[in-house]
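Each chain is listed here by its residues.
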Amino acid sequence: MNEEIQPDLLAAVGHSTQETEFYTPLPPGYEKGRTKYVVVLGTVMSGLGKGIFSSSLAKILKDKGLRVAPIKMEGYLNIDSGTLNPFRHGEVFVLDDGMETDMDLGTYERMLDENLSRANFTTSGQIFTRILDRERHGQYLGRDVQMIPHVTGEVKSMLRELAIKSRADVVFVEVGGTVGDYENGYFIEAVRELAYEEGEDAVCVVALTYIIEPQSLGEQKSKAAQLGLRQVMQTGLQPHIIACRCPTPATEKVRQKISMFSNVPLRRVFSMHDLPSIYLVPEMLREAGMDREVLTLLNLHERVNQRMEDIARRRWQHYVDKLLEPTDKTVTIALAGKYASLRDAYASIDKALEHCGVHLGCKVNIQWLDTTEIDARNVADILRGSHGIIVPGGFGSRGAEGKIECIRMARERHIPYLGICLGFQMAVVEYARNVCKLEGANTTEFEPNCRHPVIDILPEQKKIEGLGGNMRLGGKDVILQPGSGIFTLYGNVEQVRLRFRHRYEVEPRYIETLTRHGLLFSGHAPNQPIMQMLELPPEVHPYFFATQAHPCLTSRPLNPDAMFLGLVRAALHRAYPQRELPAIVGKPGNSVS
Ligand code: GLN
């Protein structure tokens with residue numbers, strides 16, 4: 001069996017033999033001291049915005065010219081987030097390499113304005129899979145495989161592998177859940193070991209806590225926060241920085257109490273109160289001096305590039321100023337989805353619309369629609385006040401007919417329309433039924449034996465069955481047809497890269513009929529007849545676009561997606577026909593590659 005053991009794995013497990021109790025799986029190429037770690041833990045309760053906090057802190061260090069690499073560690077046993085219900089867990093965020101992750105990765109990508117990969121996300125499912133695979137290959141050399149040192153060792157290896165791969169100055173570790181949860185306990189133990197092994201100045205532990213402000217009392221109470229922090233200290237970790245989440249700024253008295261009970265100097269106990277937008281958080285942290293404290297704790301002042309910081313801050317501030325500028329223009333975009341009023345289930349769409357509103361100087365109001373309640377009789381009434389309609393991605397037939405009615409209304413009444421993934425497929429079904437008169441047209445996802453399967457399972461995927469692992473996933477190139485509307489929207493480029501997550505596509509044998517009746521397929525996959533963009537020409541409709549991709553996943557505050565920008569612009573025109581349309585400043589479209 002020995003021949004089967006790979007040298008790097010041997011190096012990883014080599015120290016766990018009889019001679020020593022230390023288990024220090026330093027991966028080959030790891031330079032101790034080169035990379036520092038900021039660990040963000042939550043206490044008291046979940047939903048504190050750990051991801052927003054952690055990505056904001058990472059951003060202000062990145063602005064200084066430091067290389068940062070975030071990693072989110074989830075305690076659940078699923079291998080990825082692909083099979084999680086968005087209703088419970090928020091949207092599934094898809095990375096360029098096809099990894100299906102928690103929605104926090106979207107926050108990191110938007111804040112840091114960079115593409116992340118599977119190295120930036122892990123779950124207990126992934127960690128245990130790695131360990132059990134290794135065990136089956138006999139690579140633990142006869143030892144019993146234990147939570148400590150092997151499982152915690154695996155966590156440390158992952159962090160160090162990320163440090164090597166990213167060449168980061170600082171790895172940001174966000175531990176999912178709250179301290180005290182059974183399922184993330186071993187992550188916290190791994191962090192404790194990491195801090196011990198890496199030595200002084202290498203690991204900065206930030207505990208996010210919550211200050212309760214009961215309405216009946218009208219004052220802030222710190223006891224829950226103190227108990228939560230005590231629980232952190234019971235794990236053997238001493239926090240270096242404490243961030244207090246609260247609706248209003250944490251009072252001096254509360255900060256003093258927390259400082260006193262947690263051994264953290266008052267200057268390192270920060271208020272992190274609610275703000276009108278998450279994009280204001282980085283500046284709040286900077287103004288409070290958290291960046292300085294982290295640099296001091298990790299001995300990183302010498303790696304700062306002041307010029308880079310000035311430029312990055314100016315660019316960001318420009319966006320934030322526009323965000324705060326009062327506006328007298330509001331557009332209402334109807335979001336015709338399955339999870340009505342659940343902002344987290346459509347987090348990226350919500351954010352993409354916010355980015356566009358800021359760029360175009362208007363407020364975007366989202367009208368959440370539950371399409372199970374929409375039919376041909378009430379659709380006109382329901383959409384009366386909408387200046388634009390989005391049918392987002394989705395799975396399952398619930399509410400599908402309502403979506404088709406919304407699309408029909410958008411097409412016939414010239415309401416700006418953007419279809420995303422399922423919204424693209426439903427637009428094809430609507431066109432096939434109502435314009436091409438293909439009675440009984442549908443997707444085989446909802447009706448396997450329909451008369452006209454205009455949307456069908458991907459030919460190359462037909463053989464694969466079962467859930468998970470059989471989707472067309474991740475970043476893919478889209479070839480845009482020169483001269484088309486989409487070509488113009490994306491700034492006259494012939495190719496863009498967008499993110500995908502689907503099983504079904506336009507059945508190639510219907511393309512000719514649909515095209516003959518006026519539907520233009522203006523974007524497709526390179527070398528494959530997979531239709532990825534559709535549109536109606538400007539003489540027929542002011543704005544009717546749909547894509548098999550999810551352009552919201554690559555929309556960034558400083559670089560909003562072109563299809564969303566086009567939608568909000570067209571909606572503005574509908575809402576204020578007499579006003580001049582704002583110019584789209586900067587480079588339109590998505591340059592993320
Ligand atoms: N359910 C459709 C498919 O699998 C659309 C998926 C989506 O909208 N993400 O192709």
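Residues numbered from 1 in each chain as written. Predicted model: local features only at pLDDT ≥ 70, side-chain atom pairs only at ≥ 80, totals over all residues. Heavy atoms only, no water.

Student: Honestly, the overall build of the protein chain in this entry has me stumped. Any pointers?
Tutor: Within the protein chain one finds 19 helices and 21 strands. Since a compact globule built from 593 residues should have a radius of gyration of about 25 Å, the 26 Å found for the protein chain is in line with a globular shape. Each principal axis of the C-alpha distribution contributes one length, and for the protein chain these read about 75 × 65 × 50 Å. For the protein chain, the proportion of contacts with a sequence separation of at least 24, taken over those separated by at least 6, is 74%. Element-wise, carbon and sulfur atoms account for 51% of the exposed surface of the protein chain, whose accessible area totals about 25,100 Å². (Helix = DSSP H or I, 4+ residues; strand = E, 2+ residues; numbered from the N terminus. Rg over C-alpha atoms; globule rule 2.2 N^0.38 Å. Contact = heavy atoms within 4.5 Å. Areas by Shrake-Rupley, 256 points an atom, 1.4 Å probe, with all protein chains shown as cover.)

Student: How should I be thinking about the site of the ligand in this particular structure?
Tutor: If you check the shell around the ligand, you find Gly 393, Gly 394, Phe 395, Cys 421, Leu 422, Gln 425, Glu 445, Arg 501, His 502, Arg 503, Tyr 504 and His 550 and nothing else. Here Arg 503 contributes a backbone N or O atom positioned 3.1 Å from an oxygen atom of the ligand. Taking 300 Å² as the accessible area of the ligand by itself, protein coverage stands at 99%. Counting only elements with at least two residues in the shell around the ligand, the list comes to α16 (422-434) and β17 (495-502). (Near = heavy atom within 4 Å. Polar contact = N/O pair within 3.5 Å; in protein donor to acceptor, adjacent residues only side chain to side chain.)

Student: How do you make sense of a positive patch on the surface when you look at a structure like this?
Tutor: A cluster of basic residues, Lys 221, Lys 223, Arg 230, Lys 253 and Lys 257, forms a positive patch on the protein surface. At the level of elements, α8 (223-234) and α9 (252-262) are the ones that each hand at least two residues to the positive patch. Its location among the elements puts Lys 221 in the loop between β7 (203-210) and α8. Judged by its relative accessible area of 38%, Lys 221 falls in the partly exposed class. (Patch = residues over 30% accessible without salt bridge, like charges linked within 9 Å, V, L, I, M, F, W, Y side chains within 5 Å. Salt bridge = Lys/Arg side-chain N within 4 Å of Asp/Glu carboxyl O. Lys, Arg positive; Asp, Glu negative; His and termini not counted. Charge placed at Lys NZ, Arg CZ, Asp CG, Glu CD. Buried < 20%, exposed > 50% of the residue type's maximum accessible area, 1.4 Å probe, protein only.)

Student: Explanation requested: helix α15 (residues 400-412) in the structure shown.
Tutor: Given 3.6 residues to a turn, an α-helix orients residues that are three or four positions apart in the same direction. Here α15 contains 13 residues, and its C-alpha end-to-end distance of 18 Å stays within 8% of the 18 Å for a straight helix at 1.5 Å per residue. Most of α15 is tucked away, with 10 of its 13 residues classed as buried. When α15 is considered as a whole, its buried residues turn out to be Ala 400, Gly 402, Lys 403, Ile 404, Glu 405, Cys 406, Ile 407, Met 409, Ala 410 and Arg 411. On its buried face, α15 sits against β10 (330-337), α14 (379-382), β12 (388-391), β13 (417-420), α16 and β21 (544-547). Two residues or fewer past α15, His 414 is found with a positive phi of approximately 60°. (Expected span 1.5 Å × (residues − 1).)

Student: Whenever I open this one, the sheet that holds strand β20 (residues 531-535) confuses me. Can you help?
Tutor: Pairing between the strands of a sheet is mediated by backbone hydrogen bonds and can be parallel or antiparallel. What the 9 strands build is an open sheet, ordered β11-β10-β12-β13-β21-β20-β19-β16-β17; its pairing is mixed. This sheet does not close on itself; its edge strands, each paired only once, are β11 (363-370) and β17. Ignoring which end each strand starts from, the neighbouring axes of this sheet average 25° apart. Inspection of the sheet shows β20 paired to β21 by 3 bridges, in the antiparallel sense. Looking at β21, one finds that Leu 534 is bridged to Ala 546. Along the sheet, helix α13 (residues 347-360) contacts β10, β11, β12 and β13; its crossing angle with β11, the most-contacted strand, is approximately 155°. Where α16 meets the sheet, it contacts β12, β13, β17, β19 (520-524), β20 and β21, and its direction lies at approximately 115° from that of β13. (Pairing = 2+ DSSP bridges. Axes fitted to C-alpha atoms, helices over the stretch in contact; angles between N-to-C directions.)

Student: Is there a simple way to think about the confidence of the model for the protein chain in this case?
Tutor: Close inspection of predicted coordinates is inappropriate for parts of the model with low pLDDT. Taken residue by residue, the protein chain gives an average pLDDT of 90. The fraction at 70 or more is 91%. Counting contacts from residues 464-469, a segment whose pLDDT is below 50, to residues more than four positions away or on other chains yields 4 contacts. pLDDT under 50 marks residues 585-593. Its contacts with residues more than four places away, or in other chains, come to 21 contacts. (pLDDT = per-residue confidence, 0-100.)

Student: What am I meant to see in unusual backbone geometry here?
Tutor: Peptide bonds are mostly trans, and most non-glycine residues show a negative phi. The omega torsion across Ile 148 and Pro 149 is 15°, close enough to zero to call that bond cis. Inspection of the secondary structure puts Pro 149 in helix α6 (residues 147-166). One non-glycine residue, Asp 201, lies in the positive phi region at around 65°. Position of Asp 201 relative to the elements: it lies in the loop between α7 (185-198) and β7.

Student: What exactly am I supposed to notice about the sheet that holds strand β14 (residues 441-443) here?
Tutor: As summarised here, the arrangement of the 3 strands in space is β14-β15-β18, forming an open sheet in which the pairing is mixed. The sheet is open, and its two edges are formed by β14 and β18 (504-506), each paired on a single side. Mean inter-strand twist for the sheet, computed between neighbouring axes without regard to direction, equals 30°. Direction of pairing for β14 relative to strand β15 (residues 452-457): parallel, over a ladder of 3 bridges. When the sheet's bridge partners are listed, Thr 443 is paired in β15 with Ile 455. The strands touched by α16 are β14, β15 and β18; relative to β14, the strand with the most contacts, the crossing angle is about 165°.

Student: Got a minute to help me understand the pattern of salt bridges in this structure?
Tutor: Opposite charge on two side chains makes pairing possible when the charged atoms of those side chains draw close. Enumeration over the complete set of coordinates arrives at 43 salt bridges. Notably, a salt bridge pairs Arg 497 with Asp 96, separated by 2.9 Å at the nearest N-O pair. Taken together, the residues span a long stretch of sequence, with Arg 497 in strand β17 and Asp 96 in the loop between β3 (93-94) and β4 (100-101) at a distance of 401 residues. Note on Arg 497: relative accessible area 25%, which makes it partly exposed. Across the salt bridge formed by Glu 283 and Arg 313, the nearest N and O atoms sit 2.7 Å from each other. Within this pair, whereas Glu 283 is found in helix α10 (residues 281-288), its partner Arg 313 is found in helix α12 (residues 306-324), the two being separated by 30 residues in sequence. Looking at Glu 283, the relative accessible area reads 14%, which means it is buried. Each of Lys 59, Asp 63, Lys 64, Glu 283, Arg 286, Asp 291, Glu 309 and Arg 313 takes part in a single network of salt bridges with overlapping partners.

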